[in-house]
Structure formats: structure tokens, C-alpha cells
Amino acid sequence: MSALLRQIPANIPQDIRKIRIENSHLTELPRGSFENVSALEYLWLNFNNITVMHIKSLEYLPALKELRLQGNKLSSVPWTAFQDTPTLKILDLKHNRLDVLPEHALRYLPNLTYLDLSSNQLTIISRDVFYNWPVYQRSQRTEGPLEAISNAVLALHDNPWICDCRLRGFVQFIKSVGPPIILMNSYLTCSGPKFRTGKFFHEVELNSCTKPLTSALDTNLTVPAGLNITLTCFVQASPSPAVWWTYALKLLRAFNVTTEPISEDAVRSELLIPAARPADAGNYTCTAANFLGNTSVAINLRVVAPWASTTPRGWAPMAPAEPGAHVEVRIAKQTVYGITLEWFAAAAAAAEPGETWYTLLVGRYDAAQKDTIYIGPGVNTYSVTDLLPATKYEVCVAVRNQAPRKGQCVVFVTGSDVSQMEQREKLIHIVVIVCAMVLAVPAGMYACTAEALPGCLARCPSACPRRRRGGPAQAAGSKESTLDSLPAGSEDGLCRPDGGARRPPDRPEPGKARPPHRNSADLY
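Here the residue numbering is sequential within each chain, running from 1 through the sequence in written order. Since the coordinates come from a predicted model, pLDDT governs what is reported: local features require at least 70, and pairs of side-chain atoms require 80 or more to be given and counted, while whole-chain, interface and lining totals use all residues. The basis for every side-chain value is the complete set of heavy atoms in the structure, and neither hydrogens nor water enter the calculation.

Engineer: What exactly am I supposed to notice about the overall build of the protein chain here?
Structural biologist: On a plain count of helices and strands, the protein chain comes out with 7 helices and 27 strands. Each residue is assigned to one of three classes by its accessible area relative to the maximum for its type, calculated with a 1.4 Å probe on protein chains only: buried under 20%, partly exposed between the two thresholds, exposed over 50%. Counting the 524 residues in the protein chain, one finds 35% classified as buried. Whether two residues are in contact is decided by their heavy atoms, any of which lying within 4.5 Å being enough. Partitioning the contacts of the protein chain with sequence separation of at least 6, the portion at a separation of at least 24 is 64%. The method behind every accessible area is Shrake-Rupley, applied with a 1.4 Å probe, and residues are considered shielded solely by the protein chains displayed. Just so you have it, the protein chain exposes about 30,200 Å², and 53% of that area is on carbon and sulfur atoms. Working definition: helices are DSSP H or I runs of at least four residues, strands are E runs of at least two. Numbering for both runs from the N terminus.

Shown next, in the form of C-alpha cells:
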């Protein structure tokens, strides 16, 4: 119990009759796991992590009477492995992950008196599983009393049974079963379909399975452009079929398809086509399939102009103009390759804004024929893109299929090139940087250098080396020189006319009045 065992020990004594290894870490039962303990009668391996059971894992166990594998992770069992255990009487497989029970599963368990398959993942099984069970077959052949036949307890509860036509035979078996087969819990419940969830087996009546039969109310549809179109097909089948739509041999996206049951053996599938365009025209195929086969129905869709059977040419009126049906148009946004239009329908057109269609005509100003775009109700903006640069265009908006009237057309010219806009942006950036640099220069330095003569600035570089080679007096004078002490507007304050460097100021004589100190404010 709770030992860190990862495999069956190899040194088990040969005369052992009972082995119990529980809450350990066993993950599989390999071939010949118990070949040295042929006298084994009881094998308990509950609550481990066994996921794989080899078809010869029970080899050399002819005396085995009880096998318990409760609480493991088995999704399937090699049922033919029980050919090596002809005397097995108790088989406990509850709380595993079994989802399939083949028809021959119980054929090799002739002496079984207890079978527990509860709390697994069984959804659909055939009644032939139990019709092939030797215990059941013996009970059907016996003509006299059944006292000589041992009872067999069968546990099948707490499984997610799907109560459709595929479970019909098993439900009938459960309703009619009797001694020597005894159900541990006879109240088996349905987990699906939704309309049968929670019902007991004895409350449902299941029909026979049928191949899907598809149909549609109208297989030829003609619709105006711009509308939201819903194509519908009905399927009658049992069990419930899988339904999908295809267009031009391509599977359509699932989020545009809605499939829901309308009765026990019928479903309705709808395909939504938002704002249908002429390019959406063609054959749409609804296909349904279950395990008995598949069938399909095709719906032909034709998309035309909302109020005209042919595409208008140029600016020719498509119908007589209605009095008061006027549209005001303006450009909301313009780019190099397109514009965004906004319009407002007045008078009669505004009486029913939720039902008013618009016709948008777009083309080059000198073109004889314009492109026609139909705008559905409730929309009053549209963006025209992919236009040629430096080209003159004309756009008109009309109510319904009327010809555009005065004031309903806009003439515009697209930009010459994107590069010009980029160059303009770069120029703005350079101007901003230069202004920032100018503002960063101290105000006093700007005033000083602005009033100095250009000639002086040219002579200063030649004077600077001589100044650096000056004596101690010059060095002392340079320490006292500040920006505030520079005379403004004087050429002598910076350089001498003969090209020499400015002399350092003389130290003031005792008793002589010192000129007043000039600060940066005086420079202004």
C-alpha cells in the first residue's frame, strides 16, 4: 500500500495466492508480469496509474478468480487477454476511462459472476455485447428452473449514455433483463441528447436509425445586392447528423453556420451571407452525414442590383427622378489614394431612413462610364480607396436608383505623390530642430555676437594663439574677464584694429573711481 513501485516485483514467491498493490505508481502491466506465480488467485491493483494492459499480461494465471483494477486510467482493455483466465469470477473495472465495449468483450468470461463497469466513459454499446456473453446464453437455453445457474451481478450506472437510435438495442436489453443477470442499479439515466438528459432508460422510446435526408424550401434564390441572406436546409436523420456547407468545393467557415434540432430526428442548418455581393452568387451545398451515410442539397444563389436587372452605364438615369429625393454630399476625409464621403438624405428620402438605399457612382472625371456601388439602409459614409495619384475624379450619391442631381456630385483631385508629403514632414522637423537650437543659446551671447563686426570675428582666431602664449598678467586678466564685462557695440572690446589681441584691463589705481559694472541687462 502506497509504495513507490513502478513495476510488478520480480521476486514474488511462487506459492503466493493473493497480491494486493494499491496507491502506488504502477503505469502498465507488461507481458508475463506474473509468469512465476501461477498459483495466484486474487490480484488487486486498485488506485494506481495503469494506462496500458498488454494482451499477454495475464498469461500463466489459470487459477485467477478475482481481478480488481478500480481507479486506474485504462481507456481500453484487451478483452482477449481473459482467454488465459478461464476461472475468473470477479472483474472490477469501475472508475476508469473505458469508452468502448466491443461485441466480443464478454465472450471469454464464461464463469463471471460480478462485472463492474460503472463510472467510466461509455456512451454507446450494442446489446450484442451481452447476447454473446456465455452467462446470458446459458440462461436462454435453459428450459427448467434457473436455480442451477449462478447469478451474475452487472454494474453499468454512472456512464454518460447517449440515448439515440444507436442505443436502442441496449435500452431494450436493460428493460427486459432478469435473473440470472442482476443489475446493481437498474435506474440508468441518459446524458444526451439535450432533450433526453436526465431521463431514465425505462422512460424513453428510441426509434430505428435512418440515413440523412436533406431538403430546402427554395433551391433557386434571386436576391438584391447588399442584403443579409440566410440559406436554410432541413435534415431528417437518426442519429443526429453532422452538417456542413460548401461553396465552390471549399468548406465555409463555421461561425457563419448555425445548426439546431427542431425535433427528435430533424435539424435545421442556416448559412448567413452578410451584405451579399454579385461575387457571392453560385451554388451552396448543404451536406449531412451520420454512420449510415450522407446526402446533400444544393441551393443556387443569384445576386442582382437592388432595383435594376442590368448595370447602368455612365450617368444615365436608372428610373424617373422622384420629387424631393435629394442628397447632400461632402468629403469627410481625403488621402493621397482615396476619400471618405458623407451624405445626408433630405425630404422624401429622409422619411424612411431605415429603408432607403443609395447608389454611389465613382469614376474619373472624363470617363464615359463610372463604377456603381449600392449602399444598404442605415449607412451614410463610404470610403473610396485605391485611386490613382494626381488624377481628377468625380463621385455622385443618389437615392435608390435615381440619377444624381445637382449638388449630389463631388469633384476632387488626388495627391501627386506620397513622397511630397514625406518631404514636407521632414522640412517641418528640420525647422523645429533649428528653432530649438537657437532658443538654447544664452541670451547674452546672442546679443554680444550679433553686434560684433564680421571683420573682427575673422581676426579673432589669429589672435587667440598669441593670447594663450601670454604672460602671467594676461592669465590674471583672463580670470577677471566675464561675459558681463564685455562692452557692447564696441569693436575695441573684442579686437584691436591692427589685428592684435585685446589687452587685459589694467588694474584700477588707488583713489580712481571704478567704472560701474555692466550686467547682461545693460546689453539690451
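Engineer: Any chance you could explain the confidence of the model for the protein chain here in plain terms?
Structural biologist: Per-residue confidence for the protein chain gives a mean pLDDT of 78; residues scoring 70 or more make up 74%. Every residue gets a pLDDT, meaning the predictor's confidence in that residue, from 0 to 100. Residue range residues 347–351 is modelled with pLDDT below 50. Its contacts to residues more than four positions away, or to other chains, number 6 contacts. Note on residues 463–502: pLDDT under 50 across the span, and 51 contacts to partners over four residues away in sequence or across chains.

Engineer: Honestly, helix H3 (residues 168–176) in this entry has me stumped. Any pointers?
Structural biologist: Every α-helix carries 3.6 residues per turn, so stepping three or four residues along brings you back to the same face. Taken residue by residue, H3 has Gly169, Phe170, Val171, Phe173 and Ile174 as its buried positions. Its buried side turned inward, H3 meets helix H1 (128–131), helix H2 (134–141), strand S9 (161–162) and strand S10 (181–183).

Engineer: How do you make sense of the environment of leucine 69 when you look at a structure like this?
Structural biologist: Within the secondary structure layout, leucine 69 lies in the loop between strand S5 (66–68) and strand S6 (90–92). Under the relative-accessibility criterion, leucine 69 is labelled buried at 1%. Along the primary structure leucine 69 and isoleucine 50 are separated by 19 residues, whereas in three dimensions their C-alpha atoms are 8.5 Å apart. Setting aside its immediate chain neighbours within four residues, leucine 69 contacts Leu29, Leu45, Asn46, Ile50, Met53, Leu74, Asp92, Leu93, Lys94 and Asn96.

Engineer: Even after reading the chapter, I still don't get the sheet that holds strand S1 (residues 18–20), so can you show me in this structure?
Structural biologist: Sheet strands line up and pair through hydrogen bonds in the backbone, either parallel or antiparallel. Pairing between strands is defined by DSSP: at least two bridges between the two strands are required. Judged by pairing direction, the sheet is parallel, and its 7 strands sit side by side in the order S1-S3-S5-S6-S7-S8-S10 without closing on themselves. Only two strands of the sheet have a single neighbouring strand rather than two, namely S1 and S10. Sheet twist, expressed as the mean angle between neighbouring strand axes with direction ignored, is 10°. When S5 meets S6, the two strands line up parallel, connected through 3 bridges. Bridge pairing links glutamate 66 to isoleucine 90 in S6. A fitted line through C-alpha atoms represents every axis, and for helices the fit uses only the stretch in contact; the resulting angles, taken between N-to-C directions, go from 0 to 180 degrees.

Engineer: Quick question: what am I supposed to make of the state of the cysteines here?
Structural biologist: As used in these notes, a disulfide is a covalent bond between sulfur atoms, one from each of two cysteines. The disulfide criterion used throughout: a pair of cysteine sulfur atoms within 2.5 Å. Per the stated rule, a full pass over the model turns up 4 disulfides. One disulfide bridge connects cysteine 165 with cysteine 209, the sulfur atoms lying 2.0 Å from each other. Its S-S torsion of about 105° marks the bond between cysteine 165 and cysteine 209 as right-handed, since a negative value means left-handed. Here cysteine 165 is found in the loop between S9 and H3, whereas its partner cysteine 209 is found in the loop between strand S11 (190–192) and strand S12 (210–215), with 44 residues between them in sequence.

Engineer: Just to check I follow, could you spell out the pattern of salt bridges for this structure?
Structural biologist: If the charged atoms of two oppositely charged side chains come close together, the side chains can form a pair. Salt-bridge detection follows one rule: a side-chain nitrogen of Lys or Arg within 4 Å of a carboxyl oxygen of Asp or Glu. Counted according to the given criterion, the structure contains 15 salt bridges. Through salt bridges with shared partners, a single ionic network connects Glu66, Arg68, Asp92, Lys94 and Asp116.

Engineer: It is not clear to me how a nonpolar patch on the surface should be interpreted in this structure. Could you clarify?
Structural biologist: The grouping of Ile430, Val434 and Val438 at the surface amounts to a nonpolar patch, some 260 Å² of accessible area in total. Here valine 434 lies in helix H4 (residues 418–440). Patches here: salt-bridge-free residues with over 30% relative accessible area, like charges joined within 9 Å, nonpolar side chains (Val, Leu, Ile, Met, Phe, Trp, Tyr) joined within 5 Å.

Engineer: I would appreciate a short explanation of the sheet that holds strand S19 (residues 282–290) in the present structure.
Structural biologist: As summarised here, the arrangement of the 5 strands in space is S13-S20-S19-S15-S16, forming an open sheet in which the pairing is mixed. Looking at which strands have only one partner, the edges of the open sheet turn out to be strand S13 (220–224) and strand S16 (250–251).

Engineer: When you look at the pairing of strand S14 (residues 229–238) in this model, what are you seeing that I'm missing?
Structural biologist: Consecutive side chains along a regular strand alternate between the two faces of the sheet. Both S12 and S14 contribute to a ladder of 4 bridges, which runs antiparallel. Bridge pairing links leucine 213 to glutamine 236 in S14. Summarising the sheet, S14 and strand S18 (residues 266–273) pair through 8 bridges and their orientation is antiparallel. When the sheet's bridge partners are listed, leucine 231 is paired in S18 with leucine 271.

Engineer: Any chance you could explain the packing of aromatic side chains here in plain terms?
Structural biologist: Aromatic ring pairs are reported here in terms of the distance separating the ring centres and the angle at which the planes meet. Stacked, tilted and edge-to-face pairs are distinguished by plane angle, under 30 degrees for stacked and over 60 for edge-to-face with tilted covering the rest, among Phe, Tyr and Trp rings (Trp via its six-membered ring) whose centres lie within 6.5 Å. One pass over the full model with this rule turns up 13 aromatic pairs. Ring geometry for tyrosine 136 versus phenylalanine 173: centroids 5.7 Å apart, planes at 70°, classification edge-to-face. Taken together, the residues tyrosine 136 in helix H2 and phenylalanine 173 in helix H3 connect sequence positions 37 residues apart. You can call tyrosine 136 buried: its relative accessible area is 17%. When its relative accessible area of 1% is taken as the criterion, phenylalanine 173 is described as buried. Between tryptophan 161 and phenylalanine 170 the ring centres are 5.0 Å apart and the planes differ by 35°, which places this aromatic pair in the tilted class. Phenylalanine 170 carries the same exposure label as tryptophan 161, and that label is buried.

Engineer: Looking at this structure, how should I read the pairing of S19?
Structural biologist: Within S19, 7 of the 9 residues are buried, leaving the element largely enclosed by the surrounding structure. Direction of pairing for strand S15 (residues 242–247) relative to S19: antiparallel, over a ladder of 6 bridges. The residue of S19 that forms the bridge with threonine 246 is threonine 285. Of the strand pairs in this sheet, S19 and strand S20 (residues 293–304) are connected by 9 bridges, and their pairing is antiparallel. Bridge pairing in S20 places cysteine 286 opposite valine 297. Adjacent in sequence and paired antiparallel, S19 and S20 are bridged by 2 residues.

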